[in-house]
Amino acid sequence: MDILYQIRARQDSFSAGEGRIARLMLDDVGFAASASLEELAQRAEVSTATLSRFARSVGCRDLRDLRLQLAQASGVGSRFLDPAGTPEQSAFYGQIVGDIETTLRQHLAAFDESRFADAVKLLGQARMIHAFGIGGCSTLCSDELQVRLVRLGYPIAVCHDAVMMRVTAASLSAEQVVIVCSLTGITPELLETVALARNYGARILAITRADSPLAELADIVLPLQGAETSFIYKPTAARYGMLLAIDVLATELALANPEDNQERLRRIKLALDEYRGGDDHLPLGD
């Protein structure tokens, strides 16, 4: 149960005493979760009996259940519980750009060239490559892998559906490689799928946090850095680190066989010029 939602949704129906309890809990979830019943009653200026009625009115079995729900609610982190402030547009524009620049520099500094070399070798030996990703950024970036690799002649398929990923994993062998994109490295469906793929001998290349459970299952990890800030309204800047890793990997793969890849890219350029026209420096199929 989302206890904070239940309290907010019922505010108009509370008595005066229950209203004070509601405001106290919404204004300071941390205190409400950790305080004793006596402290809560004293701060809200109500009796223990009123606290009991309040607990039942918001859908809890009793005061113990209410405190358990509050403890769970307080666990989401202070940046999602503190009173929200809206920054000036110029301030958050600058923050967005600054966070992107910072995360790109952090990732570039942390990248190890030998890891990319190992990844190039691994993908070069694969009869088939599968790219898995679940969630906004991971879905986007696994699709990006297909865009980058297919024009270099690599056989690659992308999957975002948890059931289809599981089916695919069960069909693999040592001749296939799975590239897994995950900003967190803890998504249960991905972990289960990767473990299944490994069971059948598939090799795993993970683009994820180096200290994550997913990284522990991978043969090669292209590590991502945490890039979260207290400004909860903007998209995470960590996704730019994932895109940077994919760009570096794709470039390394292209340069591993430059003559053949130049010919492939020439053919793609010719096909696109016939289809859409445009000047010589338009993006190549992006």
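Quantities reported herein were computed from a predicted structural model and do not represent experimental measurements. What you see as residue numbers is a count from 1 along each chain, following the sequence as written. Totals for whole chains, interfaces and linings use every residue, but because this is a predicted model, local features are given only for residues with pLDDT of at least 70 and side-chain atom pairs only at 80 or more, for both listing and counting. As a convention, hydrogens and water are excluded, and side-chain values are obtained from all of the structure's heavy atoms.

Q: Quick question: what am I supposed to make of the pairing of strand 4 (residues 203-209) here?
A: In the case of a regular strand, side chains alternate between the two sheet surfaces. Relative accessibility decides the category of a residue: with a 1.4 Å probe and only protein chains considered, values under 20% of the type maximum give buried, values over 50% give exposed, and everything between is partly exposed. Helix and strand definitions follow DSSP, with helices as H or I runs of at least four residues and strands as E runs of at least two, each counted in order from the N terminus. Of all seven residues making up strand 4, five are buried, and the element is well covered by its neighbours. Of the pairings in the sheet, the one linking strand 3 (residues 176-181) to strand 4 comprises five bridges and is parallel in character. Counted as the bridge partner of Ile179 is Leu205 from strand 4. With its strands directed away from the observer, a crossover is right-handed exactly when the path from the first strand over the helix to the second travels clockwise. Tracing the backbone out of strand 3, into helix 11 (residues 188-199) and back to the parallel element strand 4 gives a crossover that is right-handed. Each pair of strands is called paired provided DSSP finds at least two bridges between the two strands.

Q: What should I look at first to understand the nonpolar core in this one?
A: One recurring pattern in soluble globular proteins is that nonpolar side chains are buried together. The set of buried Ala, Val, Leu, Ile, Met, Phe, Trp, Tyr and Cys residues whose side-chain atoms join them within 4.5 Å is what this entry labels a nonpolar core. Residues Leu123, Leu145, Leu149, Leu205, Ile207, Met242 and Leu249 are the most contacted members of the largest nonpolar core, which totals 33 residues. Where this core is concerned, the elements lending two or more residues are helix 8 (113-124), strand 1 (128-133), helix 9 (136-150), strand 3, strand 4, strand 5 (220-224) and helix 13 (238-256). It is helix 13 that contributes the most residues to this core, eight residues altogether. Any two residues whose heavy atoms approach within 4.5 Å at even a single point are treated as in contact. Those residues within four positions of Leu149 in sequence are excluded, and the remaining contacts are Leu123, Ile129, Tyr154, Ile156, Ile179 and Leu253.

Q: What is the right way to read the environment of Ala250 from this model?
A: Tracing the backbone shows Ala250 in helix 13. The buried category is assigned to Ala250, whose relative accessible area is 9%. A C-alpha to C-alpha distance of 25 Å links Ala250 and Thr187, two positions 63 residues apart in sequence. In contact with Ala250, not counting residues within four places along its chain, are Arg148 and Leu152.

Q: Just to check I follow, could you spell out the sheet that holds strand 5 for this structure?
A: Either a parallel or an antiparallel arrangement is found when strands of a sheet pair, and the pairing is made through backbone hydrogen bonds. The five strands are arranged 2-1-3-4-5 in an open sheet whose pairing can be described as parallel. Across the chains shown, the open sheet's two edge strands, defined by having one partner strand only, are strand 2 (156-159) and strand 5. When strand polarity is set aside, the average angle formed by the axes of neighbouring strands in this sheet is 15°. Note: strand 4 against strand 5, five bridges, orientation parallel. Across the sheet, residue Leu205 finds its bridge partner in strand 5, namely Ile220. In this analysis, axes come from line fits to C-alpha atoms, helices being fitted only over the stretch in contact, and the angle between any two N-to-C directions falls in the range 0 to 180 degrees. Against the sheet, helix 8 engages strand 1, strand 3, strand 4 and strand 5, with an angle of about 135° to strand 5. Packed on one face of the sheet, helix 10 (residues 162-170) meets strand 1 and strand 2 and runs near 150° to strand 1.

Q: Just checking my understanding: could you explain the packing of helix 8 against helix 13 for this structure?
A: Working note: a packed helix pair is described by the angle between its axes plus the distance between those axes. Direction vectors running N to C along helix 8 and helix 13 enclose 60°, while the axes themselves pass 10 Å from each other. Judged by the inter-axis angle, helix 8 sits oblique to helix 13. Viewed along their axes, helix 8 and helix 13 form a crossing whose handedness is right-handed. Touching Glu113, Phe116, Ala119, Val120 and Leu123 of helix 8 are Ala245, Val248, Leu249, Glu252, Leu253 and Ala256, all from helix 13. Three categories are distinguished: nonpolar for Ala, Val, Leu, Ile, Met, Phe, Trp, Tyr, Cys and Pro, charged for Asp, Glu, Lys and Arg, and polar for the others, with Gly belonging to the last. Its residues assigned to classes, the contact of helix 8 with helix 13 shows nine nonpolar, no polar and two charged. Angles below 35 degrees are treated as roughly parallel, those above 145 as roughly antiparallel, those between 65 and 115 as roughly perpendicular, and all remaining angles as oblique. Handedness of a crossing follows from how the near helix is turned relative to the far one, being left-handed for an anticlockwise turn of less than a right angle and right-handed for a clockwise one.

Q: How should the packing of aromatic side chains be read in this particular structure?
A: Aromatic rings in a pair are described by how distant their centres are and how their planes are angled relative to each other. Only Phe, Tyr and Trp rings are paired, with Trp represented by its six-membered ring, and only when their centres lie within 6.5 Å; those with planes under 30 degrees apart are stacked, over 60 edge-to-face, the remainder tilted. Evaluated as defined, the whole model comprises two aromatic pairs. Relative to Phe54, the ring of Phe14 has its centre 5.1 Å away and its plane inclined at 50°; by these criteria the two rings are tilted. Of this pair, Phe14 sits in the loop between helix 1 (3-9) and helix 2 (16-27) while Phe54 sits in helix 5 (residues 48-57), and the two are 40 residues apart along the sequence. Each member of the pair Phe14 and Phe54 is classed as buried. Aromatic side chains Phe111 and Phe116 sit 5.2 Å apart centroid to centroid with 75° between the ring planes, which places their arrangement in the edge-to-face category. No difference in accessibility class separates Phe111 from Phe116, as the two residues are buried.

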